[in-house]
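# Coordinate inspection notes
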Amino acid sequence: VQLQASGGGLVQAGGSLRLSCAVSGSSSYTFGMGWFRQAPGKQRELVATISRYGAINYEDSVKGRFTISRDNAKDTVYLQMNNLKPEDTAVYYCYARLKPTSGNLDDYWGQGTLVTVSS
């Protein structure tokens, strides 16, 4: 099972980006999904999570600017980021808690996608 993230890039402050992350590989059942980020010199922090049935949690600094969603049929999670600020600059990692058909429930991480917001 792999998580493939895409959508990062360079954007000016006030701009928008949309991140996507798809589960691929062997058949699996996905529970929670979400996004974390890690800025240079800082610890990885939670950005947003979404349960299989749509329960959502956001980190305080992104509330009202970021929107997380998912498509269970496509096993994909999205993060729409609006009104980006320089302090949003980080490597963004997608996450999924899933159970492969032939394996145990576990946490999986994507490879990370860099988001750079210029002032």
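Preceding block: the structure.
Below you will find a few notes about this structure.

Within the chain, the regular secondary structure consists of zero helices and eleven strands. Ordering the α and β elements of the chain from the N terminus gives β-β-β-β-β-β-β-β-β-β-β. For 119 residues, the compact-globule estimate of 2.2 N^0.38 gives 14 Å, and the C-alpha radius of gyration of the chain, at 14 Å, lies within 12% of that figure. With the C-alpha coordinates aligned to their principal axes, the bounding extent of the chain is approximately 45 × 25 × 20 Å. Long-range contacts, defined here as pairs at least 24 residues apart, represent 54% of the contacts in the chain between residues at least 6 apart. Total accessible area computed for the chain in this model is approximately 6300 Å², and 49% of it derives from carbon and sulfur atoms. The averaged location of the 9 negative side-chain charges in the chain is 3 Å from the averaged location of its 12 positive side-chain charges.

Moving on: a nonpolar patch on the surface. On the surface, a cluster of nonpolar side chains totalling about 480 Å² of accessible area is made up of Tyr29, Phe31, Tyr53 and Leu105. When you line up the elements, Tyr53 lands in the loop between strand 5 (45-50) and strand 6 (56-58).

A complete count under the given rule lists four aromatic pairs for this structure. An angle of 70° between the planes, with centres 5.8 Å apart, marks the rings of Phe36 and Tyr95 as edge-to-face. Placement of the pair is Phe36 in strand 4 (residues 28-38) and Tyr95 in strand 9 (residues 90-100), with a sequence separation of 59 residues. Of the two residues, Phe36 and Tyr95, both sit in the buried class.

Conventions adopted
Think of each chain on its own: its residues are numbered from 1, step by step along the sequence as written. Only residues with pLDDT of at least 70 get local features here, since the model is predicted, and only at 80 or more are side-chain atom pairs given and counted; chain-wide, interface and lining totals rely on the full set of residues. Side-chain metrics rest on all non-hydrogen atoms present in the structure, leaving aside hydrogens and water. Secondary structure elements are defined from DSSP: runs of H or I of at least 4 residues count as helices, runs of E of at least 2 residues count as strands, and each element is numbered from the N terminus. For the radius of gyration, the atoms used are the C-alpha atoms, and the globule rule reads 2.2 Å times the number of residues raised to 0.38. Note on contacts: a residue pair qualifies if any of its non-hydrogen atoms lie within 4.5 Å across the two residues. Residue exposure ignores everything except the shown protein chains as possible cover, and the areas themselves are Shrake-Rupley values with a 1.4 Å probe. Under this rule, positive means Lys or Arg and negative means Asp or Glu; His and the chain ends count for nothing. Working definition for charges: the position is that of NZ of Lys, CZ of Arg, CG of Asp or CD of Glu. Any residue with relative accessible area above 30% and no salt bridge may belong to a patch, with like charges joined within 9 Å and the nonpolar Val, Leu, Ile, Met, Phe, Trp and Tyr side chains within 5 Å. Salt bridges are identified by distance alone: a Lys or Arg side-chain nitrogen within 4 Å of an Asp or Glu carboxyl oxygen. Here a Phe, Tyr or Trp ring, Trp counted by its six-membered ring, pairs with any other such ring whose centre lies within 6.5 Å, and the pair is stacked when the planes are under 30 degrees apart, edge-to-face when over 60, and tilted otherwise. Relative accessibility decides the category of a residue: with a 1.4 Å probe and only protein chains considered, values under 20% of the type maximum give buried, values over 50% give exposed, and everything between is partly exposed.

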